[in-house]
Structure formats: C-alpha cells, structure tokens
Amino acid sequence: MKLVFLGTGAGIPAKNRNVSSIVLDLSEERGTIWMFDCGEATQQQILHTTIKPRKIEKIFITHMHGDHIYGLPGLLGTRSFHEGKSPLTIYGPSGIKKFVEQTLKLSYTHLQYPIVIKEIEEGGAVFEDEQFIVQSGKLEHGIPSFGYRIVEKDLPGRLLVDRLQQLGVKPGPLYKKLKNGETIELPDGRILNGQDFLGAPKKGRIVAILGDTRYCQQSVELAKNADIVVHEATFAHEEETLAHNYYHSTTVEAAKVALEANAQNLWLTHISSRYQGDEDMQKLVSEARAVFPKSDVAYDFLSVPIPRKE
C-alpha cells in the first residue's frame, strides 16, 4: 500500500504543482488502484508514473470544485482506450452523477466497461468488503466537501507451526484450514481449533484523505489514529483570516487536526501557487512541525509507502 500524489496544488495548475489528485496504490493488497479527486490533466500526470488507468477500481471525489473534477471525463475515456474492462465505481457529492453522465454524453464518449456512480449526502460508510471499509464525513467548505477514512481490516495472525509440529501435525492441507481458523479432526481423533494456533492479528492500516475544508472536528474524527493524514494547507499561518474567509486551512490548522487525532504522519497538500521554491516550502513545513512534528509538504509524483504495523 502506498500513496502517490499526482497533483498537490490549489485552484489552478502551476509550473511545479498540478491540481488535486491522489492515488492509493493497492496493487499488493487487491491488484487495483483507488483514486481521490481527479483535477485537470490528471491523466497527463499519470504518464510520468507506473500507474495503469485500467487498474483503477474506485474514484472518490471530495467535492465539486473544478480543480478536483475537471480531469475525470478524460480519464474515464482513456481507461477504455487502455483496455479497461472491469467495473469502476465513483463516489462523490450530489451532482457528480450528472456531471459525469452529461460530459460523457455530450462528448460522445463510449466506455467499454460498466460504471457505477454513488452520491453521498451526509457521510457514513460508503464501501465495505472483507478487506477494507471506507467512511466519509462532511467537512466545512463553501460547498459540500467530504473527507474519506480508509481502514484496512486486521489480518489473521501467523500460523504457529512450531506448536503444530510438537503435536505431530505435519504440513499439508490441514495447515490451510487451521490458518483460516477452522476446526479440524486429526486421523487419531484429536480435535484442533485453528484459533488456538494463530498468533496475534496484524493490525490494519488507516489512511485519512480530506477534501477542502476549514479546521473542523469532523476532520479530527476521520483522522483518528491514522497512519497517514492528507490535509489541505492552502495558506501559511499568517493568512489565517484569508483561509477562513475562503473555507480553507492553514499549515497550523492542518497540524492541529493531526495532533488531536493522534495520527502518525501528516502530509500537507493543496498548496497555493503563491508559495514557490525551497524557502517557502521550508516555511510551511516549519509552521506545521511546530505543532505536529511528523509533518511534511507533499509534491507532485511523491510516493509514500505505508508499512504494515508489526
């Protein structure tokens, strides 16, 4: 599991930062990719990576501002050209269904795969299977904007092979059943419960990807105990009033969310184009780290591995 930042700028493209898009690469976990927001020229950004559009399984849109959705119709079409055949699901606020359907219709774009669009009203669980649960929450922005909390479910602990060998149980099909927690009967009549031969479960990972927002308690809830929080920091701390007026956050406010959520790491994104060069980036990082030491500013094409907890 890793995050790949395709666009980390705010509002309009800049020379060094495209507009918003983030990929959660789940190639090892489920052989697919999830995308969060799809600003203008996202598919152009993809060309500089190893990401394959046909592998995109789900797209989560935080809100309907153009810098978060204008790249979506083109990417959907490109996925067809790249032999994408598997179903794709889009999650997003009210209006995302009409936007996608109308742009595809008016541009005469025919997709070679089924598409499902699920609109979110107030948040809650939007997806769950045996591996993951994705929850959404409504943030504080000028239009409906959502954050997403991606929770990997705990994995079973390792099979305690030494204990089984001490009991004379040899490797084979029975090991698989025990690994699955099943109860088995040995040839000599002994009954073994698989749960008794598993180590401690491996804790799943948690990622919080938040849309545009002022500081709010919902952000803290979505980020609770997360391994990584991705939070907008459109403005430096000195522009706190401006940030509030435009329904955005500062570096310090983003860091405050991570601190109160007891998160492990914070990545700042959605950076205003007024901040350029190393000196400005160091200023933004320093402001955030003064509140939450494990803070960094994301940049386009940054790849962040998310190691599994031991």
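Residues numbered from 1 in each chain as written. Predicted model: local features only at pLDDT ≥ 70, side-chain atom pairs only at ≥ 80, totals over all residues. Heavy atoms only, no water.

Asker: Can you explain the overall build of the chain? Please cite residues and give values.
Answerer: Helix and strand counts for the chain stand at 11 helices and 16 strands. Counting over 310 residues, the chain shows a buried share of 52%. For the chain, the proportion of contacts with a sequence separation of at least 24, taken over those separated by at least 6, is 63%. Working note: accessible area of the chain is about 14800 Å², and carbon and sulfur atoms make up 51% of it. Taken as two groups, the 36 positive and 39 negative side-chain charges of the chain have centres that lie 7 Å from each other. (Helix = DSSP H or I, 4+ residues; strand = E, 2+ residues; numbered from the N terminus. Buried < 20%, exposed > 50% of the residue type's maximum accessible area, 1.4 Å probe, protein only. Contact = heavy atoms within 4.5 Å. Areas by Shrake-Rupley, 256 points an atom, 1.4 Å probe, with all protein chains shown as cover. Lys, Arg positive; Asp, Glu negative; His and termini not counted. Charge placed at Lys NZ, Arg CZ, Asp CG, Glu CD.)

Asker: Please give an account of the sheet that holds strand E5 (residues 88-93) that cites residues and values.
Answerer: With mixed pairing, seven strands are arranged side by side in an open sheet as E6-E5-E4-E3-E2-E1-E16. Edge strands, defined here as strands with exactly one partner in the open sheet, are strand E6 (115-120) and strand E16 (303-305). In this sheet, adjacent strand axes meet at a mean angle of 20 degrees when their direction is disregarded. Here strand E1 (residues 2-7) runs beside strand E2 (residues 21-26); their pairing, made up of five bridges, is antiparallel. (Pairing = 2+ DSSP bridges. Axes fitted to C-alpha atoms, helices over the stretch in contact; angles between N-to-C directions.)

Asker: So what about the pattern of salt bridges? Which residues, and what values?
Answerer: Pairs can form between side chains of opposite charge once their charged atoms are near each other. Under the counting rule described, the total for this entry stands at 14 salt bridges. Of the charged contacts in the structure, one is a salt bridge between Arg205 and Glu29, with a shortest N-O distance of 3.0 Å. Here the residue Arg205 occupies a position in the loop between strand E11 (191-193) and strand E12 (206-210), and Glu29 occupies one in helix H1 (residues 27-30), the gap between them amounting to 176 residues. Summarising the burial analysis for this pair, Arg205 and Glu29 share the class buried. Across the pair Arg30 and Glu57 runs a salt bridge, and its minimum N-O distance is 3.1 Å. Pair noted here: Arg30 is in helix H1 and Glu57 is in strand E4 (residues 56-60), with a separation of 27 residues, a long-range link. (Salt bridge = Lys/Arg side-chain N within 4 Å of Asp/Glu carboxyl O.)

Asker: Explain the pairing of E1 to me, and be specific about the residues and the numbers.
Answerer: Along any regular strand, the residues point their side chains to alternate faces of the sheet. Burial runs high along E1: five of the six residues are buried. As defined by bridge partners, E1 adjoins E16 across three bridges and the pair is classed as antiparallel. Directly across from Lys2, in E16, lies its bridge partner Pro305.

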